Amino acid sequence: PAPPPGRAPALARRPPQGKPPAAMSRPSSAGYDLAESDTDVQHAGAAVVHQGRGRVRSVAGGLTAMCAAAVVGTAVFKSYAGGPVRSWRGVPLSLEETELHAAIAERARARSSTTSNSLLRLDQSLDSKGSSLCPGWTIRDCERKKFPLPYLPGEYPTEYTYNGSFPAGFIWGMGTAAYQVEGSYKKDGRGASIWDTFSGANTVGMPGNNCSYCCQTAPCPVNAAMADKGATGNVACDHYNMWKTDIALMKSMGLKYYRFSIAWPRLIPTGNISDGVNQAGVDFYNNLINALLAAGIRPFVTLYHWDLPQGLLDPPSKQGWWSRDADGKPDGKIIPPWLDYATVCFEKFGDRVKDWVTFNEPWTFIYLGSGYGKAPSIPEFNDMDVDIWIGAHNVLNAHGAAVDVYRRKFQPTQGGNISITVNSDWREPKFDTMEDIAAADRAQIVRLGWFAEPIFGETGDYPPELRILLGNKLPNFTAHEKQLLKGSSDFFGLNHYGGAWVTFDPTTPGKDFLFGKVSEEGFRPAESVWLFSCPWGFRKILNWVKNRYNNPPTIVTENGWSWPADTPDEGAADSSRLMYYANYTSEMLKAIVEDGVNVTGYFAWSVMDNYEWEQGYKQRFGVVYNDYQLGPDPNGPLPLTPQPTEGQQWRRRKDSSCWLEALFRSNALADPHNASLRCTCHAVFEGEFRDANGCPRTISLNGWSVTMSGKDASAARGKSNATVCDTPWSQNATGFVSGGSIVMDFSAVGGPERLGGFWDASVPEGA
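Reading guide: rules and limits
- Residues numbered from 1 in each chain as written.
- Predicted model: local features only at pLDDT ≥ 70, side-chain atom pairs only at ≥ 80, totals over all residues.
- Heavy atoms only, no water.
- Phe/Tyr/Trp six-rings, centres within 6.5 Å; stacked < 30°, edge-to-face > 60°.
- Lys NZ or Arg CZ within 6 Å of the ring centre and 35° of its normal.
- Pairing = 2+ DSSP bridges.
- Helix = DSSP H or I, 4+ residues; strand = E, 2+ residues; numbered from the N terminus.
- Axes fitted to C-alpha atoms, helices over the stretch in contact; angles between N-to-C directions.
- Contact = heavy atoms within 4.5 Å.
- Disulfide = S-S within 2.5 Å.
- Buried < 20%, exposed > 50% of the residue type's maximum accessible area, 1.4 Å probe, protein only.
- Core = buried A, V, L, I, M, F, W, Y, C linked by side-chain atoms within 4.5 Å.
- Salt bridge = Lys/Arg side-chain N within 4 Å of Asp/Glu carboxyl O.
- Parallel < 35°, antiparallel > 145°, perpendicular 65-115°, else oblique.
- Nonpolar A, V, L, I, M, F, W, Y, C, P; charged D, E, K, R; others polar.
- Polar contact = N/O pair within 3.5 Å; in protein donor to acceptor, adjacent residues only side chain to side chain.

A few words now on the packing of aromatic side chains. Enumeration over the complete set of coordinates arrives at 65 aromatic pairs. Joined through ring pairs, the aromatic side chains of Tyr 179, Trp 195, Phe 198, Trp 306, Tyr 611, Trp 613, Tyr 617 and Tyr 628 make up one cluster. The cationic tip of Arg 447 hangs over the ring face of Trp 363; the distance from NZ or CZ to the ring centre is 3.9 Å.

Strands sit in the order β10-β12-β13 across an open sheet of three strands; the sheet is mixed. Strand pairing shows two members of the sheet lacking a second neighbour, β10 (426-429) and β13 (516-519), which therefore form its edges. Sheet twist, expressed as the average angle between the axes of neighbouring strands with direction ignored, equals 40°. Along the sheet, helix α16 (residues 535-548) makes contact with β10 and β12 (499-504), crossing β10 at roughly 95°.

Applying the stated rule across the entire model yields five disulfides. The disulfide partner of Cys 211 is Cys 214, and the gap between their sulfur atoms is 1.9 Å. Given an S-S torsion of about 110°, the disulfide between Cys 211 and Cys 214 has right-handed geometry. The buried category is assigned to Cys 211, whose relative accessible area is 5%. Since its relative accessible area comes to 8%, Cys 214 is described here as buried. Here Cys 695 is linked by a disulfide to Cys 725, with a sulfur-sulfur distance of 2.1 Å. Between Cys 695 and Cys 725 the disulfide shows an S-S torsion of about -85°. By sign, it is left-handed.

This part takes up the sheet that holds strand β17 (residues 599-605). Strand order in the closed barrel made by the eight strands is β3-β4-β5-β8-β9-β11-β16-β17, with parallel pairing throughout. Adjacent strand axes in the sheet meet at a mean angle of 25°, parallel and antiparallel pairs treated alike. Bridge count for strand β5 (residues 298-304) against strand β8 (residues 355-360) is three bridges, and the pairing is parallel. Bridged to Thr 302 within β8 is Val 357. Helix-sheet contacts for helix α12 (residues 387-414) involve β8 and β9 (417-423), and the interaxial angle to β8 is about 165°. Along the sheet face, helix α18 (residues 575-593) touches β3 (171-175), β16 (554-558) and β17 and points at about 170° away from the line of β17.

By size, the foremost hydrophobic cluster in this structure holds 165 residues, and its most contacted members are Trp 321 and Met 588. At twelve residues, the largest contribution of residues to this core is made by α12. Filtering out sequence-adjacent residues up to four positions away, Met 588 remains in contact with Phe 166, Phe 170, Trp 172, Phe 538, Leu 542, Val 556, Val 599 and Tyr 602. Core analysis: the second largest hydrophobic core is formed by ten residues, Met 708, Trp 729, Ala 733 and Ile 742 among them.

Our next topic: the pattern of salt bridges. Counted by the stated rule, this structure contains 35 salt bridges. The salt bridge involving Lys 590 is made with Glu 587; its shortest N-O contact spans 3.6 Å. You can see Lys 590 and its partner Glu 587 sitting in helix α18, three residues apart, about one turn around the helix. A salt bridge links Asp 609 to Lys 654, with the shortest nitrogen-to-oxygen separation between them at 2.9 Å. Linking Asp 609 in the loop between β17 and β18 (624-627) with Lys 654 in the loop between β19 (650-653) and α19 (655-666), this pair joins segments that are 45 residues apart in sequence. Taken individually, Asp 609 and Lys 654 each receive the classification buried, so the pair is uniform in this respect. Shared partners join several salt bridges into a network, and the residues in it are Arg 653, Glu 661, Arg 665 and Asp 760.

The next point concerns the packing of helix α7 (residues 239-252) against helix α9 (residues 279-294). Viewed as axis vectors pointing N to C, α7 and α9 meet at an angle of 10°, and their least axial separation amounts to 10 Å. In this view, α7 runs roughly parallel relative to α9, as classed from their interaxial angle. Here α7 contributes His 239, Tyr 240, Trp 243, Ile 247 and Met 250 to the contact with α9, which in turn contributes Ala 280, Phe 284, Asn 287, Leu 288, Ala 291 and Leu 292. Tallied by class, residues from the contact of α7 with α9 come to nine nonpolar, two polar and no charged.

This next bit is on unusual backbone geometry. Of note, the bond from Pro 315 into Pro 316 is cis; its omega dihedral lies within 30 degrees of zero at 10°. Between Trp 605 and the following residue, Ser 606, the backbone shows a cis peptide bond with an omega angle of 15°. Positive phi, close to 60°, is recorded for Asp 238, a residue that is not glycine. Relative to the helices and strands, Asp 238 resides in the loop between α6 (194-199) and α7. Located in the positive-phi region is Asn 551, a residue other than glycine, with phi close to 55°. Locating Asn 551 in the fold gives a position in the loop between α16 and β16.

Bringing the pairing of β9 into the picture now. Judged by how many residues are buried, β9 sits mostly within the fold: six of seven residues are covered. Pairing between β9 and strand β11 (residues 492-495): three bridges, direction parallel. Considered in β11, the bridge of Thr 421 is made with Gly 493.

What follows covers the side chain of Ser 657. Residue placement: Ser 657 occurs in helix α19. Looking at Ser 657, its side chain comes within polar contact range of the side chain of Arg 653, at 3.0 Å. Setting aside anything within four residues of it in sequence, one finds Ser 657 in contact with Met 253, Val 623 and Cys 679.

What follows is the structure in structure tokens.
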């Protein structure tokens, strides 16, 4: 399927008719145009370096200008200085890119004639952030870096294989998060969260809504960083009311693990246990966990997925994750209420929950929550030169403290696992140069390593490269904190979505000290502006984790693709998402089998379309289409703006969910082009069925409309005590179908007014 209009990569043009580059061949059955394929990764404007495989180094290892005279398609590549440099499709590079290439080449030529002594002098004249060419490292260390494997420049896969089995016991699951799906934001004593305040929900009178910037009169204001103004999590997917239907859906999909988060403000409304634990919240999660286990689905629970109780954020007195002392150093004041909350979860649910995640993506809720589109994004904590490092430090110490409590008090008897989930996309060196190779490594260190290194590294401290880059901006851990952090995870939780190129940019360090320019030309875009498909980058980041952290057991806790749909039929035909999952899981299997990466599990994101944070309901990540039944929300900031409503929503499986079901049930890759692995159409519901007592139900279809007749058992029984179905219904039940979903109204025959069900192809005929 083609990307939406206007989304084609700017430099990704088709080669001349009849002259496809040999290196870009792909199976015709893929059904993708060359410039739109998931595997179209030969980036315009960068392949010039990647074609030059013969690199000459001086005795001291200085990189010379790389020359290439390779013909690809109709383009001839020359050295950097031979300009004008052209892309692999023969498209001239921009003036800015050409000048950058020339500058790099000049440095390379200069380095090629240096001696060991001159390199030593360079090393001795570094600035505080390391080498000016490789911030974070010395020149000597930088030149030892190798291009990230397993794919060398220009050797990226152009097609993927879909065969092979995963290791026995491999974990397959899907995930959601409380604020994105639950809704019922005021129901049963739930307290206000920072996302309620951020999105403009009516929080007047809610527990915890007493901060200096909290809303006191509805309609409530919307934070300027909110992209889809008017969208809130007030109703979301109505999961709080539809959880039984959703578990039936998961069971029909063959799901074995369900990752969800507990809403801190639903369990402890103000965030402070002294104000009480909300029993209704405890009951909800107990019922959910018990029903999941009864359905054969193992709960995989996240303690914190961004919905901080508003009662813990009221600067300057309550600073949440950004808490600091009078000297501006992180003081961890939030850790005691955090440990109270975590302890309640372990006590109430730990006898059945055996897999815990403390925090989901701390990079996202700290870095982006400081003014880049995530809650809270308030002025007090939007100084990214200071606040992100303080917030991250407190979160890491909170993680270490929670794991310590779990391991000392609960793990010996409950026998579960606990970890943290970190996130990063892959950044591939745009050019095969020392500077770009370092930039790609630095991209992982300043994002993933920032949070992973203190836990999975050797010292319990931040990456040494990060300390070189930040100097005294980076807080210090005490010896005790290091002891708690080091090894404080039973597996490596990784959220990963896409990839892009990165090239060294000495003029723009960025707030995260990347010193790199990111570009996505040649990669296929998703609906989300930040997401570009790069399956081979998934394999590379798994190898990066293996090599950096001694190959820990790794669970991919999120991986997914957004794609637009306005109707259930459009949503169900999600071949773009299906191919994404097929290609990414193919590369994951290669990482396991060929590279020896210790991947033990994988969670697709997400079970269903849901509230996509500041983007509201405009983007769909689900493998199930959610019909939100849009209508007015009197508790929203813009009451007349259509928002999800309660009581009428329904779900329909997308084709990607049926392909994933085949993967889950067989523990083996499946051909994504196999039409039999697409989801069923609604015609399967036509005919006669039997209920649990063996009584007949006859379904007749008229388009999407359904009528159902039936007979029930009378009180009389035969000598064999068998059920006798001898009482016809006085009226028919009615409803509708869509794909493999059916929604019925049984009120005319004494049943529920609204009951949803799903076709389960795994159930034997007649069962």
